[in-house]
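# Examination of the molecular architecture
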Amino acid sequence: MSRDTEITRLDIPVVLPEVADMQDACLARLVDALATRPGVVHVHVARPGERERGAPVTVSGPQLCLHYDPARLSLARVTELAHAAGAAVTQRFGHVVLSFRHVGSEDDGRRMEEGLQALPGVTAAAVNIASQLARVEFDRQQIEPSTIERAFDDLVGITPSLATEVNETAAETTGATEAPHAPWYRRHRELAWSLAAGLLLAVGYWVERTQGMGPLPIAVFVASYVFGARDNVGHFLKELRKGRLRFNIDLLMVVAATGAAGLGQWAEGALLLFLFSLGHALEHYALGRARNAIKALAELAPTRAIVLRNEGGTRREEVVPIAQVRPGDHVLVKPAERLSVDGTVVEGQSAVNQAPITGESVPVEKDVGAPVYAGSVNGEGALVIAVTTAIGDRTLDRVIALVADAQTQKAPTQQFTERFERVFVPLVLLTTVLLIVVPPVLGVWEWRDAFYRAMTLLVAASPCALALGTPAAVLTGIAQAARNGVLIKGGAHLETLGTISVLALDKTGTITRGEPSLTDVRPMDGVGHDALLALAAAVERRSQHPIAKAVLTAAAKAGVVVPEASDVESVTGQGIRARVGTDNIAIGRLRMFESESSSPSPVVPEASTDSAGPPPGIPADVWLEVLRLEERGRTVLVVARTTPRGVKFLGVIGVADEPREQVQRTLQELRVAGVRQLVMLTGDNAGVARAVAQRVGIDDFRAGLLPEDKVTAIRELAARGAIAMVGDGVNDAPALANATVGIAMGGAGTAAALETADVALMGDDLGRLPFAMGLSRQTRRVIRQNLVVSLGVIGLLIVASVTGLVGIGPAVIAHEGSTLVVIANALRLLSYRGPTVARRA
């Protein structure tokens, strides 16, 4: 917020949880709803790449910027107005995600978009051919989702699946893929028709070679035409019945084949349609692999659950459909079974494999009170789980819904290729007409030769590979990330993540464990290690402070006998006192003992003469030990016995929030993945921050930060390059929203993390981040490779077709071959495993 122009920035997903991308019409509606509020001077949505006036950072994600008069509105009231307006917009407007099959042409995708946008009440529609999903935004007061679904059914010609509607707790399985047990023909109809066309082509070619061209081979070729062009002609006739005529690439292929037949090149026309239909079938199969990697998520949770019912004091088991399970029910999960619910363990103990949800490679031990997630696999022990989340709101359900929504979004490169196509395709059509007319008129070519070359050009210049190369890579990248416990909420974030050069990380809970542990026990002369630990644990047993828990945990692990304490007294801000046996024991900060100690202060050793010396009454050895531990980033407590004659210092203990296991290796892998600078942001003091940063290998740190200070730090760091922020998704929400990419830790079970961040690490594991960043960079490389291949093949084929170097047959082989090459290249991402330190060399 600046004082000269008061601006408050609110994270759009918090205000409008349904917003998927910057094209969502609800953003404009939210702006309109707020602009008329008294006291609001100006309101707008900062778009990616936009530099807000007076702010040193380029805005990367959708952020609502309100300029208001502070004399008339408080910050709290502005926030309240934004949320109220967002709720009103959400209540009226919604969106649905619909899935379909057997649509492979970008032209057909545009036809479907136009048909959906023509429906009354539909405000926007986007169709993604690679993911076979359509996202439709609509006004609830004008149209029902069922009406949209029926219209979409008519547009596609098959029955779609209503995947998800935002604002409702529906989380159905996306995709209309037929069941694996369905008849082979039903599952592979497109491939069957293509193979039939190929078989008839072979028969016709053999008859022509043996008997010469005549009625019989022509009839066989015509039959091959019918099978090869069935889908294309079917869509064309359906459009004609509705009074619409649309020239798309599928129709142009049929025109080219018909033109070949008119020239007597029956075999070549049949070959064109066979290869084109076969290419489409193989494209659908290849893209289906990526889609199925995501759809498999929906199959993780069982459809039935064993619910425990209490009747007359006895407990019985009842198997019920998962839809009938309610929060509060107790569900029994037997050994080796997959969990069907999110909840908390109330009985039993077992190791649970959470890899499908969080990406953790090692099963996690679950005891009473531990959270569990649907889709996980139970180990050898039976568990009774108290259901905490309604079906449809489970972590798995939210992931499926968000991934389905992410698949409908278009990456920046895809948007560029679509803009290119809108100029390129009309240009090709114009060139084709000129190629048919101009050379014969000028006497350069004969009409027959000009027409054949023009038909070849139609095939050669078809931008199928260009249209599918980017969305196929994005779809596959999102799928591979989801399979490995990383939720990336859209192609734009997947691409952007690969450009990150500066990474900011919250300390507590991200770099460190998030809870203190006892690291040092330093007894003074005459006091044993276990005796000091036992006395400290006895006093801390009655305390609820996190440090007390750390001391008690360490005592339990060491197996020391902890005596009973009585007369416990807390000294606010300093420590705690209690009677242990006949002794009065005190534990606390050093200042707690300054006024109590009456013993003279010993001479400070020469090594420490540069300091002012210990406080009055504090022994030099105790003071120096405290200094040494504090320099190492420890929270230090002094243990002492108090008597009427003075204080006897027993020892010093150090507590610290320890770094996570493997965090140092993870940070090294992040450097391998391309991060140039690592910065830690923390509210802790500089000493603790410095110690942690040095221990794990952080380049820079900012200490003593409040949430608004973290936002300022992110804006400053953004001047050095694209920046990502890693936090818990709740306390760090403002910083996450201001980063180029916001990354939330522990997305599993945390709705706020899923809603706030652009990327969510489903497990509470920073080790997934190098994989995500490496995957993003690999995806960007694949996209660039696909652009080079597709544009290169199109350019070569255009030259070769116009000059007559290739005919229709070779052109369609190269055309379909390049499409399959870019899809196969994209599918390589399904085998990506992430960068490792060993690869750095």
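Here, every reference points to the structure presented above.
In this report, the structure presented in the accompanying data block is examined. Just so it is clear, the model here is predicted, and its values are computed rather than measured.

## Thoughts on the sheet that holds strand β21 (residues 565-571)
The strand order across the open sheet formed by six strands is β20-β25-β24-β23-β22-β21, and the pairing between neighbours is antiparallel. The open sheet has two edge strands with one neighbour each: β20 (517-523) and β21. Ignoring which end each strand starts from, the neighbouring axes of this sheet average 20 degrees apart. As defined by bridge partners, strand β24 (residues 635-643) adjoins strand β25 (residues 646-656) across nine bridges and the pair is classed as antiparallel.

## Examining the sheet that holds strand β29 (residues 741-745)
One open sheet holds the seven strands; their spatial order is β18-β30-β29-β28-β19-β26-β27, and the pairing between them is mixed. If you trace the sheet from one side to the other, it starts and ends with β18 (486-488) and β27 (700-702), each paired once. Pairwise comparison of adjacent strand axes, ignoring direction, gives a mean angle of 20 degrees for this sheet. Here strand β26 (residues 677-681) runs beside β27; their pairing, made up of three bridges, is parallel. Bridging across to β27, V679 finds its partner in D700. Taken strand by strand, helix α26 (residues 769-802) contacts β18, β19 (502-506), β28 (723-727), β29 and β30 (759-761), and its axis lies near 40 degrees from that of β18.

## Quick look at helix α22 (residues 686-696)
Since the α-helix turns once every 3.6 residues, residues separated by three or four places project in the same direction. For α22, the set of buried residues is V688, A689, A691, V692, A693 and V696. Each element contacted by the buried residues of α22 is listed here: α17 (507-511), α20 (620-631), α21 (663-672), β26 and β27. Looking at the residues trailing α22, positive phi occurs at G697, about 95 degrees.

## Side note on a nonpolar patch on the surface
Together, L427, L430, V433, L434, V437, V438, V441, L442 and V444 line one region of the surface with nonpolar side chains, adding up to about 850 Å² of accessible area. Residue placement: L427 occurs in helix α13 (residues 412-442).

## Some points on the pattern of salt bridges
Taken as a whole and assessed by the stated rule, the structure comprises 20 salt bridges. Across the pair R453 and D449 runs a salt bridge whose closest N-O atoms are separated by 3.3 Å. Of this pair, R453 and D449 both sit in helix α14 (residues 447-460), four residues apart, roughly one helical turn. Using a relative accessible area of 14% as the deciding quantity, one classes R453 as buried. In this structure, R628 and E625 form a salt bridge, with 3.2 Å as the shortest nitrogen-oxygen distance. Taken together, the residues R628 and E625, both in helix α20 and three residues apart, mark about one turn of the helix. In this structure, a network of salt bridges that share partners links the residues D520, R522, E625, R628 and R634.

## Section: the side chain of D329
Mapping D329 onto the fold places it in the loop between β11 (314-321) and β12 (330-333). A distance of 2.9 Å separates a polar side-chain atom of D329 from the backbone nitrogen of R326. Apart from the residues within four sequence positions on either side, D329 is in contact with V307, R309, Q324, I385, A386 and V387.

## Observations regarding the environment of A772
Take A772: it is sitting in helix α26. A C-alpha to C-alpha distance of 9.6 Å links A772 and R833, two positions 61 residues apart in sequence. If we ignore the near neighbours within four places in the chain, the residues touching A772 are V486 and L497.

## Section: the pairing of β25
Burial runs high along β25: ten of the eleven residues are buried. Here β20 runs beside β25; their pairing, made up of six bridges, is antiparallel. The partner of R522 across the bridge, within β25, is V652. In this antiparallel pair of consecutive strands, β24 and β25, the connection spans two residues.

## Comments concerning the packing of aromatic side chains
To describe a pair of aromatic rings, you give the distance between the ring centres and the angle between the ring planes. Summed over all chains, the structure comprises four aromatic pairs. Between W193 and F227 the ring centres are 4.8 Å apart and the planes differ by 45 degrees, which places this aromatic pair in the tilted class. Of this pair, W193 sits in helix α7 (residues 189-211) while F227 sits in helix α8 (residues 215-241), and the two are 34 residues apart along the sequence. Residue class for F227 comes out partly exposed when judged on its relative accessible area of 29%. Residues Y225 and W266 carry aromatic rings whose centres are separated by 5.8 Å and whose planes lie at 55 degrees to one another, so their mutual orientation is tilted. Linking Y225 in helix α8 with W266 in helix α10 (residues 266-295), this pair joins segments that are 41 residues apart in sequence.

Here is what the cut-offs are and how they apply
Residues numbered from 1 in each chain as written. Predicted model: local features only at pLDDT ≥ 70, side-chain atom pairs only at ≥ 80, totals over all residues. Heavy atoms only, no water. Pairing = 2+ DSSP bridges. Helix = DSSP H or I, 4+ residues; strand = E, 2+ residues; numbered from the N terminus. Axes fitted to C-alpha atoms, helices over the stretch in contact; angles between N-to-C directions. Contact = heavy atoms within 4.5 Å. Buried < 20%, exposed > 50% of the residue type's maximum accessible area, 1.4 Å probe, protein only. Patch = residues over 30% accessible without salt bridge, like charges linked within 9 Å, V, L, I, M, F, W, Y side chains within 5 Å. Areas by Shrake-Rupley, 256 points an atom, 1.4 Å probe, with all protein chains shown as cover. Salt bridge = Lys/Arg side-chain N within 4 Å of Asp/Glu carboxyl O. Polar contact = N/O pair within 3.5 Å; in protein donor to acceptor, adjacent residues only side chain to side chain. Phe/Tyr/Trp six-rings, centres within 6.5 Å; stacked < 30°, edge-to-face > 60°.

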